[in-house]
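Tertiary structure, described
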Amino acid sequence: MIPIRQCARLALAAALILCTATGTKAQSQGQTGHSDYGACMTMVQAQPQTAFEQAEVWAAQGGGQAARHCAAVALIALGRLFEAAQRLELLAAEMPANAIEPRARIYGQAGQAGLTTGEGTKAAPACSAALTLTPADVELMIDRSLARATEGQYWEAIDDLNRAHDLAPTRADILVLRASAYRTLEATDLAADDLERALALDPGNPDGLLERGILRRLDGDVAGARADWTRVLETAGDSPAAQAARANLEDLNKAAN
């Protein structure tokens, strides 16, 4: 299965929300609105529960989309991902139709929140809604491919990764993700080709080395697999790739005993 990436794009710039806030009241807030939103988003990082509670009060007092967005991001920080995704989708749907980029980003955040829960059926529609607005967004294509992969829709995931690769041909991570999907579908020749190209672009890519180790073990090259996974351990700290490499090495050692 394609590994789930850490979702990093969870905060919008204040201007993107506030410049499209609904109604004249939001517009009349002026700099105060920007200040409140910035303070709220800063608090999310240190005190998400307090940020959520204050954002709810602010929203009830007319804080509009900025307050609602901060509350939703606070829910993500609190691990209340399903609720956050629902709120973000509703917020994006209610924004003005001409606020294309902000709406796309918030739909994308809803998709990321759903993806973090492992629920591709919830994440893929939000990513699709975002891609309808910004069809050339490579990150959204990757997110939707991951969502589809979690639901076993690997060929559909590959379709998204093909498009992403066309737009960003020097991105090694896209090739690694596509290789993982090909391997899952037992198209190992295609997987190996993608990994060769990915590691040519980024020789130390930990996910690429992890994936190549898996292919090598499947092909009976135990020494090659061990070398790749050992290198991941040596260079990737305590990342998810390193944790997976460690588990694979432990399996190799058990099989050898």
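Residues numbered from 1 in each chain as written. Predicted model: local features only at pLDDT ≥ 70, side-chain atom pairs only at ≥ 80, totals over all residues. Heavy atoms only, no water.

Along the chain, the regular secondary structure elements total 14 helices and zero strands. For the chain, the sequential pattern of α-helices and β-strands runs α-α-α-α-α-α-α-α-α-α-α-α-α-α. Here the chain, with 257 residues, has 46% of them falling under the buried criterion. In the chain, once contacts between residues fewer than 6 apart in sequence are set aside, the share between residues at least 24 apart is 54%. (Helix = DSSP H or I, 4+ residues; strand = E, 2+ residues; numbered from the N terminus. Buried < 20%, exposed > 50% of the residue type's maximum accessible area, 1.4 Å probe, protein only. Contact = heavy atoms within 4.5 Å.)

Another aspect to go through is the state of the cysteines. Enumeration over the complete set of coordinates arrives at one disulfide. The disulfide partner of Cys40 is Cys70, and the S-S distance across this bridge is 2.0 Å. Because the torsion about its S-S bond is -100°, the bridge between Cys40 and Cys70 counts as left-handed. Here the residue Cys40 occupies a position in helix 3 (residues 31–46), and Cys70 occupies one in helix 4 (residues 48–77), the gap between them amounting to 30 residues. In this pair, the class of Cys40 matches that of Cys70, namely buried. (Disulfide = S-S within 2.5 Å.)

Turning next to the pattern of salt bridges. The full count for this structure, using the stated rule, is 15 salt bridges. In this structure, Arg148 engages Asp160 in a salt bridge whose closest nitrogen and oxygen atoms are separated by 3.0 Å. Linking Arg148 in helix 8 (residues 138–150) with Asp160 in helix 9 (residues 154–167), this pair joins segments that are 12 residues apart in sequence. With respect to burial, Arg148 and Asp160 carry one shared label: buried. (Salt bridge = Lys/Arg side-chain N within 4 Å of Asp/Glu carboxyl O.)

A word on the nonpolar core. Core analysis: the biggest nonpolar cluster contains 47 residues, and Cys70, Ile142 and Ile174 have the highest contact counts within it. The set of elements that each furnish at least two residues to this core consists of helix 3, helix 4, helix 5 (81–94), helix 6 (100–116), helix 7 (120–133), helix 8, helix 9 and helix 10 (172–184). Ranked by residues supplied to this core, first place goes to helix 4 with 13 residues. In this structure, Ala149, Tyr182, Ala191 and Leu215 belong to the second largest nonpolar core, which totals 15 residues. (Core = buried A, V, L, I, M, F, W, Y, C linked by side-chain atoms within 4.5 Å.)

A word on the packing of helix 11 (residues 188–201) against helix 12 (residues 206–218). Their axes nearest at 10 Å, the elements helix 11 and helix 12 cross at an angle of 145°. Between helix 11 and helix 12 the crossing geometry is left-handed. Contacts from Thr188, Ala191, Ala192, Leu195 and Leu199 of helix 11 reach helix 12 at Gly208, Leu209, Glu211, Arg212 and Leu215. (Axes fitted to C-alpha atoms, helices over the stretch in contact; angles between N-to-C directions. Left-handed = near helix turned anticlockwise from the far one by under 90°.)

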